[in-house]
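Observations on chain architecture
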Amino acid sequence: MQNEKLTFQTENLDGLTVVRIAGELDLEVASQMRSVMEPLMELSDRKLVLNLRDLKYIDSTGIGILISIVKARHARNAPFGVEEVPSTIQKLFDMTGITPFLAASPNA
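The structure contained in this document is the topic of the report that follows. Since the structure is predicted, the reported quantities are computational estimates derived from the model, not experimental observations.

**Some thoughts on the overall build of the chain**
- When its secondary structure is counted, the chain shows three helices and four strands.
- From first element to last, N terminus to C terminus, the chain shows the α and β order β-β-α-β-α-β-α.
- Expressed along its principal axes, the backbone C-alpha trace of the chain runs to roughly 40 × 25 × 20 Å.
- Within the chain, buried positions represent 41% of all 108 residues.
- Here the analysis covers contacts within the chain between residues at least 6 apart in sequence; of these, 65% occur between residues at least 24 apart.
- A total of about 6100 Å² of accessible surface is found on the chain, and carbon and sulfur atoms cover 52% of it.
- Seen as two clouds, the 11 positive and the 14 negative side-chain charges of the chain have centres 3 Å apart.

**Focus on the sheet that holds strand 1 (residues 7-13)**
- The four strands lie next to each other as 1-2-3-4, forming an open sheet whose pairing is mixed. Looking at which strands have only one partner, the edges of the open sheet turn out to be strand 1 and strand 4 (80-83). The mean inter-strand angle of the sheet, taken between neighbouring strand axes irrespective of direction, is 20°.
- Judged from the seven bridges that link them, strand 1 and strand 2 (residues 16-25) form a sheet pairing that is antiparallel. Directly across from Phe8, in strand 2, lies its bridge partner Ile21.
- Sitting on the sheet, helix 2 (residues 60-75) is in contact with strand 2, strand 3 (47-58) and strand 4, with an inclination near 175° to strand 3.

**Remarks on the pattern of salt bridges**
- Scanning the entire structure with this criterion turns up four salt bridges.
- A salt bridge links Glu42 to Arg76; the shortest N-O distance between them is 2.9 Å. With Glu42 in the loop between helix 1 (30-41) and strand 3 and Arg76 in the loop between helix 2 and strand 4, the pair connects residues that are 34 residues apart, well separated along the chain.
- Note that Arg53 is salt-bridged to Glu84, the shortest N-O span being 3.7 Å. Residue Arg53 is found in strand 3, and its partner Glu84 is found in the loop between strand 4 and helix 3 (87-96); the two are separated by 31 residues along the sequence.

Criteria and cut-off values
- Residues numbered from 1 in each chain as written.
- Predicted model: local features only at pLDDT ≥ 70, side-chain atom pairs only at ≥ 80, totals over all residues.
- Heavy atoms only, no water.
- Helix = DSSP H or I, 4+ residues; strand = E, 2+ residues; numbered from the N terminus.
- Buried < 20%, exposed > 50% of the residue type's maximum accessible area, 1.4 Å probe, protein only.
- Contact = heavy atoms within 4.5 Å.
- Areas by Shrake-Rupley, 256 points an atom, 1.4 Å probe, with all protein chains shown as cover.
- Lys, Arg positive; Asp, Glu negative; His and termini not counted.
- Charge placed at Lys NZ, Arg CZ, Asp CG, Glu CD.
- Pairing = 2+ DSSP bridges.
- Axes fitted to C-alpha atoms, helices over the stretch in contact; angles between N-to-C directions.
- Salt bridge = Lys/Arg side-chain N within 4 Å of Asp/Glu carboxyl O.

Written as structure tokens, this is what we have:
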């Protein structure tokens, strides 16, 4: 199975940063994901939302990165969520028990 390239598109709206993630989030691209997300995790005055509509695959390393984002945002009392999660990835989030920590919707 050929790996798809992981891409990011960041959009800053009023009080909200949306990062659109496309491709496959796995061990091979984990450092790329961390380098994109680290500066954004520090912005406690903005809500951070990951749009996963075009995410095709996520492995345990990718889930670990999401958990680290949740922890960092929680420590700063900064809002975080995911939106447009594909059903196959949502099933994985449900199975691993992280769904309650990924409060969706940028309007929340």
